[in-house]
Amino acid sequence: MPNDVGSQWNAAELVEAAREHLISPAEEMAKLGTVTRPMLTTGDGVYVTNAQGRRLLDGPAGMWCTQIGYNRREIADAISAQALRLSYNSPWYSVNGPSAELAARIASLTPGDLDHVFFTTGGSSAVDSALRFVQFYNNVLGRPDKKTILCRIDGYHGSTHLTAACSGRAGNRPNFDLALDTVSFLSAPNVYRRPKGMTEADFLEFLIGEFEDRVAAIGPDRIGAFLAEPLLASGGILIPPEGYHRRILDICRRHDILYISDEVVTGFGRCGHWFASEAVFGITPDIITFAKGVTSGYVPLGGFALSDAVLARVSGENAKGSFYTNGYTYSGHPVSCAAALANIEVIERDGILAHVRDIAPYFQEQIRSLKQLPLVGDTRGTGLVACVECVTDPAAPEATDFDKEVSRRIDHHCYELGLIVRPIGNMCVLSPPLVITKAEIDSLIAILRRSIVLTQDELR
Ligand code: PLP
């Protein structure tokens, strides 16, 4: 029988096995085999427990995904029942119940006419598939040159060949070859680090002007899509100026450029709504990608929802004999889809979206209160996602290595005091499970505040 660590082996043996054999998605190769990552063993609600038995509040909800929290019997039961009923079928030749129901459920949750869904295995494959659909679409429409993807510096869209190319974060790139010939990068809508002397209103005009100039320079007949997170999550919770998405969507519509809203992080409740594109940012894009929160991270699943109007241009009599193949073995995997259906049911039954809308103002107010501390340059967020940006020299235009060291130290203190935060460069990013209570927010903020103060004391 597996023990608490989920294995026949004990924690020490497993730590050793990981050191010897496991390659993580973020590996400092010079230190391969020498780094010991904390081993987590169990989870319950907003807490996880490590192999030493220490309970930790899960500030990032895994990796922006554990919406309904850990140890939910409903999801485990749904997974188990479907694994026994029908563990797999080929989506090429047959259809399974959970995938059909989930496609219909998601179609009812997305804005506008985004009524068709393609399932993948996670966020990278969701975005990759959406981008490949753009290629398919323009080829069928006889526009083989309309392929450039516009995206933003500091955006993150995944780790496939194509999605990594669209990810404008320098840290994701060293020593990989990227499909950069198909991508054009625009400025990050980083209000905090906007050019000196610009008001927020001027900054919006600058971003829109840059977009229009880029479209003119490349030529609209060479641009297939604009790919954008509603808020740049891994880029440090960058929330664009009010009106940004709406105005860019207008430009896209004028030039027949598809608008892909990457809701891998914001989808399924993070901002208090099923999707943020329309409810928070006022746009109905052509494609929405999702993953993570769709199953609350219990099992892998991702996908994209597509507008019927767009689909109609390359299907039926407009298909011109084309065959759409994006041949994922696990597209619409029955066990993953069953987990997603159970997850959606829990979110609905427990009123979790309304809970997020109720509690988010308190969470954001508490986050903002940290701004008074000396090492904090900026705080920002919306819904249940926030960032504390560490800045030691407010005059420096970029974060310094020292700022990054500050966030690492804060992270370290938080861990010692019982909170996981996600340090990204000089930023501590938080996106707790959506079921977090007011008392748990108080505990999170108290630990974060104490850790910032401890770091401040160390640096004196
Ligand atoms: N898109 C966004 C906005 C993300 O934040 C991520 C991952 O964090 C991805 C795509 C890639 O998702 P995955 O890691 O599930 O492949």
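Below is a short write-up of the structure. (Residues numbered from 1 in each chain as written. Predicted model: local features only at pLDDT ≥ 70, side-chain atom pairs only at ≥ 80, totals over all residues.)

Glancing now at the overall build of the chain. Assigned secondary structure in the chain consists of 14 helices and 15 strands. Its C-alpha atoms give the chain a radius of gyration of 22 Å, near enough to 23 Å, the size a compact globule of 460 residues would have. When the backbone C-alpha atoms are referred to their principal axes, the chain occupies close to 65 × 60 × 45 Å. The 460 residues of the chain split such that 45% are buried. (Helix = DSSP H or I, 4+ residues; strand = E, 2+ residues; numbered from the N terminus. Rg over C-alpha atoms; globule rule 2.2 N^0.38 Å. Buried ≥ 20, exposed ≤ 12 C-beta atoms within 10 Å, placed from the backbone.)

Right, let's get into the nonpolar core. Judged by nonpolar contacts, the single largest core of 120 residues is most densely connected at A130, F226, I237 and L419. Considering each element in turn, this core owes the most residues, 9 residues, to helix α11 (residues 334–349). Those residues in contact with A130 that sit more than four places away from it in its chain are I260, I287, T289 and F304. (Core = buried A, V, L, I, M, F, W, Y, C linked by C-beta atoms within 7 Å. Contact = placed C-beta atoms within 7 Å.)

So, about the sheet that holds strand β1 (residues 40–44). Spatially, β1-β2-β3-β13 is the arrangement adopted by the 4 strands of the open sheet, whose pairing is mixed. The sheet is open, and its two borders are formed by β1 and β13 (419–420), each paired with just one other strand. As judged from the 2 bridges shared by strand β3 (residues 55–58) and β13, these two strands associate in the parallel manner. Pairing of D58 across the sheet is with I420, part of β13. (Pairing = 2+ DSSP bridges.)

Below, the discussion takes up the sheet that holds strand β7 (residues 223–228). By definition, the strands of a sheet pair up through backbone hydrogen bonds, in either a parallel or an antiparallel sense. Ordered in space as β4-β10-β9-β8-β7-β5-β6, the 7 strands form an open sheet in which the pairing is mixed. Lying at the two open borders of the sheet, with one neighbouring strand each, are β4 (114–120) and β6 (183–186). Averaged over all pairs of adjacent strands, the angle between their axes in this sheet comes to 20°, without regard to strand direction. Where strand β5 (residues 148–152) and β7 come together, 3 bridges link them in parallel fashion. Opposite I149, over in β7, you have A225 as the bridge partner. Set on the sheet, helix α4 (residues 97–109) makes contact with β4 and β10 (302–307); between it and β4 the angle comes to about 135°. Here helix α7 (residues 200–218) sits on the sheet in contact with β5, β6 and β7, set at roughly 155° to β6. (Axes fitted to C-alpha atoms, helices over the stretch in contact; angles between N-to-C directions.)

Let us look at the site of the ligand. Lining the immediate environment of the ligand, one finds 14 residues, of which G122, G123, S124, G158 and V264 sit closest. Top contributing element to the shell around the ligand by residue count: helix α5 (residues 123–140), with 3 residues. Each residue belonging to the shell around the ligand can be placed in one class, and the counts come to 6 nonpolar, 6 polar and 2 charged. (Near = placed C-beta within 6 Å. Nonpolar A, V, L, I, M, F, W, Y, C, P; charged D, E, K, R; others polar.)

Turning next to the packing of helix α13 (residues 401–417) against helix α14 (residues 438–458). Relative orientation of the contacting elements α13 and α14 amounts to 130°, with a least axis distance of 8 Å. Taken together, the axis directions place α13 and α14 in an arrangement best described as oblique. Crossing hand, α13 versus α14: right-handed. Touching V406, R409, I410, H413, C414 and L417 of α13 are I447, L448, R450, S451, I452, L454, T455 and E458, all from α14. (Parallel < 35°, antiparallel > 145°, perpendicular 65-115°, else oblique. Left-handed = near helix turned anticlockwise from the far one by under 90°.)

The next point concerns unusual backbone geometry. Positive phi outside glycine occurs at I237, with the angle close to 50°. Within the fold, I237 resides in the loop between β7 and α8 (244–254). Backbone geometry at D256 places phi at a positive 55°, although glycine is not the residue there. For D256, the location among the structural elements is in the loop between α8 and β8 (258–262).

To continue, consider the packing of α7 against α8. The contact between α7 and α8 brings their axes to 10 Å, and the two run at 20°. One element, α7, and the other, α8, form an angle in the roughly parallel class. Crossing handedness for the pair α7 and α8: right-handed. Listed contacts from α8 to L204, L207, I208, F211, E212 and V215 of α7 are Y244, R247, I248 and I251. Residues belonging to the contact of α7 with α8 are distributed by class as follows: 8 nonpolar, no polar and 2 charged.

Another point: the environment of Q82. The topology assignment puts Q82 in helix α3 (residues 73–85). Given 23 C-beta atoms within 10 Å, Q82 falls into the buried group. It is 8.7 Å that separates the C-alpha atoms of Q82 and A339, two residues lying 257 residues apart in sequence.

Attention shifts here to the environment of R169. Along the chain, R169 falls in the loop between α6 (161–165) and β6. The exposure class of R169 is partly exposed, given the 19 C-beta atoms found within 10 Å. For the pair R169 and G33, spaced 136 residues apart in sequence, the C-alpha separation works out to 26 Å. Beyond its immediate chain neighbours, meaning those up to four positions away, R169 contacts D154, Y156, S234 and G235.

One turn of the α-helix equals 3.6 residues, which is why residues spaced by three or four share an orientation. For α11, built from 16 residues, the straight-helix expectation of 22 Å at 1.5 Å per residue is met to within 8% by its first-to-last C-alpha distance of 22 Å. Counting buried residues along α11, 12 of its 16 residues qualify, which places the element largely inside the surrounding structure. Listed in full, the buried residues belonging to α11 are P334, V335, S336, C337, A338, A339, A340, L341, A342, N343, I344 and I347. The inward-facing, buried residues of α11 contact α3, α4 and α12 (352–369). Immediately downstream of α11, the backbone of G351 shows phi near 60°, a positive value. (Expected span 1.5 Å × (residues − 1).)

A word on α7. Here α7 spans 27 Å end to end across 19 residues, near enough to the 27 Å set by a 1.5 Å rise per residue. Elements that come into contact with the buried residues of α7 comprise β6, β7 and α8. Phi turns positive, to about 100°, at G219, one or two residues after α7.

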